[in-house]
Amino acid sequence: MNAAFLASANETRQKLPKLTQNQEVARLYRHALKTLSSWVIDRDVFNEEATALRARFDEAKGCSPAEATRLMKEARAEFFEATHPDPYCVPFMPGGSLFMRNPPIPLEICFPDGNYPADAPKVLLNPDMSVAKPETGKSAVGSVLVDFTKKNME
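Treat the numbers as computed from the prediction; the structure is a model and nothing was measured.

What counts, and at which threshold
- One numbering rule holds for all chains: residues counted from 1, following each sequence as written.
- Side-chain atom pairs in this predicted model are given and counted only at pLDDT of 80 or more, local residue features only at pLDDT of at least 70, and totals for whole chains, interfaces and linings cover all residues.
- Only hydrogens and water are set aside; all other atoms, that is, all heavy atoms of the structure, feed into the side-chain values.
- A helix here means a DSSP run of H or I that spans at least four residues, while a strand means a run of E at least two residues long, and both kinds are numbered starting from the N terminus.
- Exposed residues in this analysis have more than 50% of their type's maximum accessible area, buried residues have under 20%, and partly exposed residues fall in between, with area computed by a 1.4 Å probe over protein chains only.
- Here a residue-residue contact requires only that any non-hydrogen atoms of the pair lie within 4.5 Å.
- Patches draw on residues past 30% relative accessible area with no salt bridge. Two like charges within 9 Å are joined, as are two nonpolar side chains (Val, Leu, Ile, Met, Phe, Trp, Tyr) within 5 Å.
- Surface accessibility follows the Shrake-Rupley procedure with a 1.4 Å probe radius. Residue values consider only the protein chains on display as shielding.
- The term salt bridge refers to a side-chain nitrogen of Lys or Arg lying within 4 Å of a carboxyl oxygen of Asp or Glu.
- Positive charges come from Lys and Arg alone, negative charges from Asp and Glu alone, with His and the N- and C-terminal ends not counted.
- Where a charge lies is defined by one atom per residue type, namely NZ (Lys), CZ (Arg), CG (Asp) and CD (Glu).
- A fitted line through C-alpha atoms represents every axis, and for helices the fit uses only the stretch in contact; the resulting angles, taken between N-to-C directions, go from 0 to 180 degrees.
- Note on terminology: angles under 35 degrees are roughly parallel, angles over 145 are roughly antiparallel, angles of 65 to 115 are roughly perpendicular, and the others are oblique.
- In this scheme, a crossing is called left-handed if the near helix is turned counterclockwise away from the far one by less than a right angle; it is called right-handed if the turn is clockwise.
- Side-chain classes follow a simple rule in which Ala, Val, Leu, Ile, Met, Phe, Trp, Tyr, Cys and Pro form the nonpolar group, Asp, Glu, Lys and Arg form the charged group, and the remainder, Gly included, forms the polar group.
- We call two N or O atoms a polar contact when they sit within 3.5 Å, provided that within protein one can donate a hydrogen and the other can accept it, with sequence-adjacent residues counted only if both atoms are side-chain atoms.

Of the regular secondary structure elements, the protein holds 5 helices and 2 strands. For the protein, the N- to C-terminal ordering of α and β elements is α-α-α-α-α-β-β. For the protein, buried positions account for 19% of its 154 residues. For the protein, the proportion of contacts with a sequence separation of at least 24, taken over those separated by at least 6, is 53%.

Written as structure tokens, this is what we have:
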């Protein structure tokens, strides 16, 4: 990649919020479940594996901060090794077959005089059709970088 592309990509990337350790563990658990769903198709097998995964997370609940840091580092390494090469993605998310198929027309184009109807939506939408909220870190105000290799928005 050339320097101009990297510079523009860095400008569009949004700053991630600082997470507490509980939030990091919850996100790691959620990502582990999503990765598990990419590997396991049968729902019964998925439920058994998810129960075993939950038991592994519950074993370490209430440990010391130093041990929690070590466990998080080991869990991230294990998660990285178990990552699926072509993970499942919801069809309307980046990388899915329905992504941006029928995006809503901007109100400025529909009503160029600025006279919006009372029932017009008052929320901004992200490219994946979710509501844009700055506090979640997924706010499409301005430009958004859609990374199709990772199948996500940055």
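Judged by side-chain charge, Asp42, Asp44, Glu48 and Glu49 come together as a negatively charged surface patch. Take Asp42: it is sitting in the loop between helix H2 (21-39) and helix H3 (43-59).

All right, on to the packing of H2 against helix H4 (residues 65-81) then. At a minimum axis distance of 11 Å, the contact between H2 and H4 shows a crossing angle of 25°. Classified by the interaxial angle, the pair formed by H2 and H4 is roughly parallel. Considering how the two elements wind past one another, H2 and H4 form a crossing that is left-handed. For the pair H2 and H4, contact is made by Gln21, Glu24, Val25, Leu28, His31, Ala32 and Thr35 and by Pro65, Ala68, Thr69, Met72, Ala75, Arg76 and Phe79, respectively. The residue makeup of the contact of H2 with H4, split by class, is 8 nonpolar, 4 polar and 2 charged.

This part takes up the environment of Arg76. Position of Arg76 relative to the elements: it lies in helix H4. Look at Arg76 and you get partly exposed, because its relative accessible area is 42%. When sequence neighbours within four positions are dropped, the list of residues in contact with Arg76 reads Glu24 and Leu28. A polar contact is formed between the side chain of Arg76 and the side chain of Glu24, at a distance of 2.8 Å.

On to the side chain of Thr35. Mapped onto the secondary structure, Thr35 falls in helix H2. Beyond its immediate stretch of four places on either side in the chain, Thr35 contacts Phe79, Ala82, Thr83 and His84.

Their axes nearest at 10 Å, the elements H2 and H3 cross at an angle of 155°. The orientation of H2 relative to H3 falls into the category roughly antiparallel. For the crossing formed where H2 meets H3, the hand is right-handed. Facing H2, whose interface residues are Val25, Leu28, Tyr29, Ala32, Leu33, Leu36 and Ser37, H3 presents Phe46, Glu49, Ala50, Leu53, Arg54 and Phe57. Grouping the amino acids of the contact of H2 with H3 by side-chain chemistry returns 10 nonpolar, 1 polar and 2 charged.

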